Amino acid sequence: MNSHQLFRRSRIRLALWYAGVMGVILSLSGFGMYRALVQANWAALEREIESIAGTLHDSLEPILPASEDPTAILQQILPELCLVGQPCNTNPTLIQRHTTGISDRNTYYIRLFDHQGKLLAFSPNQASHLTQTLNPATWQTWRSADGIRYHQFTTILHSANTHHVTAKTSSHPSWGYIQIGRTLEPFDAEVRRVQWIFAIGFPLALGLVAVSSWWLSGLAMQPIYQSYQQQQQFTANAAHELRSPLASLLATVEAILRVQPSNQQDIPTMLQTVERQGRRLSHLIADLLLLSSIEQNTSSEQFKPCCLNDLISDLSEEFLELAVASDIKLSSHIPAHLIYVLGHEQQLYRLVSNLIANAIHYTPSGGCINISLEQRDRTSFITVKDTGIGIPPTEQPRIFERFYRVDSARSCKTGGTGLGLAIVQAITQVHGGKLSVESQLDQGSTFTLQLAAHPLQM
Ligand code: ADP
């Protein structure tokens, strides 16, 4: 499987996982919302029925007759209710107005039962197919033959007289029962409406989640893909860099092996070439190892306060000889007060020495290099300025890449591996610093390193 396929598969897998997890979260929250909505509607509906029943119960109880045959009196106090076995007036009634004042008069129905559960009276709009006998359960839901659901509430009625009679003679604790019911048609329609919204909205939301998962997984894979490509490029470059000195070394060794006894005097020169190539290889490998150890931050050493004044003066001294040999004037400007930064001393030495070595390598004879150290606010600035060949503006962003050389031919002549500035950049990043370059072709370059000064030592 090539890397492209591998990344595509990983992206698909990531997108599927993301869409799956989002889908589960969406369904759970959707289902929860649906349940909460239905529950809230149901509770409101029951509250409404209960409050109507309560109002009727309280207004009826004081005027209920104690009679065993209350029909006549009921007709007097509730003339609008239909009495069982008598013709029914279907005009809107007082009771209906009681209930329909709260809601549509066709929504509610009322029934009165005696204490034995025998139906006495009912509102004319009551649902058909209602049983004539009482089911005393407080809440009941039932379905009529035409499929409409009803919900009803039943409560006991006591009359003032009954209380009195019951206490003394009667074994019946109540006068009878009042039953308030209503159709669940609007409620069921609302539930169906919500179900439809979810049925259409959920696949739509899932589709959006799938599209955004694909897009997000692409975004997530991007840096990994880039880093993978960089790694591959690095491996190819490293192999290429190692191959050239190795090939040249092997060719020289072969030539030595074939040297005629008469040309023995050439052998020391050839061995010097072998040594030079060997050193170059070893230098390259050391740089590669250093770079990888800096980037992985494998150093067990803790950051310590490092005196930059000492560092600059040591390195100026160290490179003075090389500068003189190249006919370059090397000067340094170090302030009297000590400037400290927290870091790895070895790495900071390496960082500044790479900058100075580059300045010497890329400055022709007769040029000048100035190394300066200063502190502004809480930041220390190390500047390496040369009057060398300069770097074209288009190349400046690329010089910190591994193995990148502006001019390969010239760079190889100076013995550069193309890793010097990559190491500088890596060390700067480990130390939380900032590195910048200003350069003009044939005028010179200035590399500026900013590091946070260590406050304790200021
Ligand atoms: P090298 O080992 O080739 O010097 P570096 O990573 O140190 O590699 O530098 C990368 C490239 O940046 C060099 O090839 C060179 O062209 C350019 N460069 C670095 N420092 C300077 C400088 N002071 N003046 C001009 N060019 C420079």
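Coordinates for the structure precede this section.
Residues numbered from 1 in each chain as written. Predicted model: local features only at pLDDT ≥ 70, side-chain atom pairs only at ≥ 80, totals over all residues. Heavy atoms only, no water.

Undergrad: I'd like a description of the sheet that holds strand β4 (residues 139-143), backed by residues and values.
TA: With respect to topology, 6 strands assemble into an open sheet ordered β1-β3-β2-β6-β5-β4, the strand pairing being antiparallel. Two strands bound the open sheet, and with one partner strand each, they are β1 (82-83) and β4. Contacting β2 (108-114), β4, β5 (149-157) and β6 (176-183), helix α1 (residues 3-60) crosses the sheet at an angle of about 35 degrees to β5. (Pairing = 2+ DSSP bridges. Helix = DSSP H or I, 4+ residues; strand = E, 2+ residues; numbered from the N terminus. Contact = heavy atoms within 4.5 Å. Axes fitted to C-alpha atoms, helices over the stretch in contact; angles between N-to-C directions.)

Undergrad: An account of the sheet that holds strand β10 (residues 368-376) is needed here, citing residue identities and associated values.
TA: An order of β8-β10-β11-β13-β12 is seen for the 5 strands of this open sheet, with the pairing classed as mixed. Every other strand in the sheet has two partners, leaving β8 (329-333) and β12 (434-440) as the edge strands with one partner each. Across the sheet, the axes of successive neighbouring strands diverge by a mean angle of 10 degrees, strand direction being ignored. When β10 meets strand β11 (residues 379-386), the two strands line up antiparallel, connected through 8 bridges. Bridging across to β11, Arg376 finds its partner in Thr379. Sheet strands touched by helix α7 (residues 308-325): β8, β10 and β11. Its angle to β8, the strand with the most contacts, is close to 170 degrees. Here helix α10 (residues 420-430) sits on the sheet in contact with β12 and β13 (444-452), set at roughly 145 degrees to β12.

Undergrad: Give a detailed account of the nonpolar core, specifying residues and quantitative values.
TA: Ranked by internal contacts, the top residues of the largest apolar core, which has 46 residues, are Leu351, Val352, Ile356, Ile369 and Phe447. For this core, the element with the highest residue contribution is helix α8 (residues 345-361), accounting for 8 residues. Excluding anything up to four places from it in sequence, Ile369 contacts Ile328, Lys329, Leu330, Ser331, Ala359, Ile360, Thr363, Val384, Lys385 and Asp386. Judged by nonpolar contacts, the second largest core, of 26 residues, contains Ala53, Leu83, Ile178 and Leu184. (Core = buried A, V, L, I, M, F, W, Y, C linked by side-chain atoms within 4.5 Å. Buried < 20%, exposed > 50% of the residue type's maximum accessible area, 1.4 Å probe, protein only.)

Undergrad: With reference to specific residues and values, describe the pairing of β10.
TA: The pairing of β8 with β10 spans 5 bridges and is classified as parallel. If you follow Lys329 over to β10, its bridge partner there is Cys368. In textbook terms, the turn of a hairpin is the stretch between consecutive antiparallel strands, and for β10 and β11 this stretch comprises 2 residues, one of which, Asp377, has a positive phi near 50 degrees.

Undergrad: Describe in detail the environment of Ile369, supporting the description with residues and values.
TA: With respect to the helices and strands, Ile369 occurs in strand β10. When the C-alpha atoms of Ile369 and Ser445 are compared, they prove to be 9.6 Å apart, with 76 residues separating the residues in sequence.

Undergrad: Can you break down the packing of aromatic side chains residue by residue, with the values?
TA: Overall, the coordinates contain 8 aromatic pairs when judged by the stated rule. Ring geometry for Tyr34 versus Phe198: centroids 6.1 Å apart, planes at 85 degrees, classification edge-to-face. Of this pair, Tyr34 sits in helix α1 while Phe198 sits in helix α5 (residues 185-257), and the two are 164 residues apart along the sequence. Grouping aromatic residues by their ring pairs yields a cluster made of Phe7, Tyr225 and Tyr228. The ring of Phe381 has Arg376 sitting right over it, with the charged end atom 4.1 Å from the ring centre. Here the basic side chain of Arg402 rests over the ring of Phe234, its NZ or CZ set 4.3 Å away from the ring centre. (Phe/Tyr/Trp six-rings, centres within 6.5 Å; stacked < 30°, edge-to-face > 60°. Lys NZ or Arg CZ within 6 Å of the ring centre and 35° of its normal.)

Undergrad: Got a sec to walk through the layout of surface pockets? Specific residues and values, please.
TA: Considering only enclosed or pocket space, the second largest pocket measures out at about 540 Å³ in volume. Of all elements in the fold, only α5 and α10 reach the threshold of two or more residues within the lining of the second largest pocket. Among the elements that make up the lining of the second largest pocket, the one with the highest residue count is α5 (8 residues). When its residues are assigned to classes, the lining of the second largest pocket shows 6 nonpolar, 8 polar and 5 charged. (1 Å grid on protein atoms, 1.4 Å probe; cavity = no way out; pocket = protein on both sides within 12 Å on 5 of 7 lines; lining within 4 Å. Points joined across faces, edges and corners; volume = space filled by probe spheres on them. Nonpolar A, V, L, I, M, F, W, Y, C, P; charged D, E, K, R; others polar.)

Undergrad: I'd love a proper account of α7, names of residues and values included.
TA: Look at α7: 26 Å from first C-alpha to last across 18 residues, which is about the 26 Å you get at 1.5 Å a residue. Residue Phe319 marks the point of greatest curvature in α7, where the axis turns by about 40 degrees. Leu308, Asn309, Leu311, Ile312, Leu315, Ser316, Phe319 and Ala323 are the residues of α7 that are buried. Buried residues belonging to α7 abut β7 (304-307), β8, β9 (340-343), α8, β10 and β11. (Expected span 1.5 Å × (residues − 1). Bend = angle between axes of the 7 residues up to and from the residue.)

Undergrad: Outline a negative patch on the surface, listing residues and values.
TA: On the surface, Glu301, Asp310, Asp314, Glu317, Glu318 and Glu345 cluster together into a patch of negative charge. The biggest single contributor to the negative patch is α7, with 4 residues. Within the secondary structure, Glu345 sits in helix α8. (Patch = residues over 30% accessible without salt bridge, like charges linked within 9 Å, V, L, I, M, F, W, Y side chains within 5 Å. Areas by Shrake-Rupley, 256 points an atom, 1.4 Å probe, with all protein chains shown as cover. Salt bridge = Lys/Arg side-chain N within 4 Å of Asp/Glu carboxyl O. Lys, Arg positive; Asp, Glu negative; His and termini not counted. Charge placed at Lys NZ, Arg CZ, Asp CG, Glu CD.)

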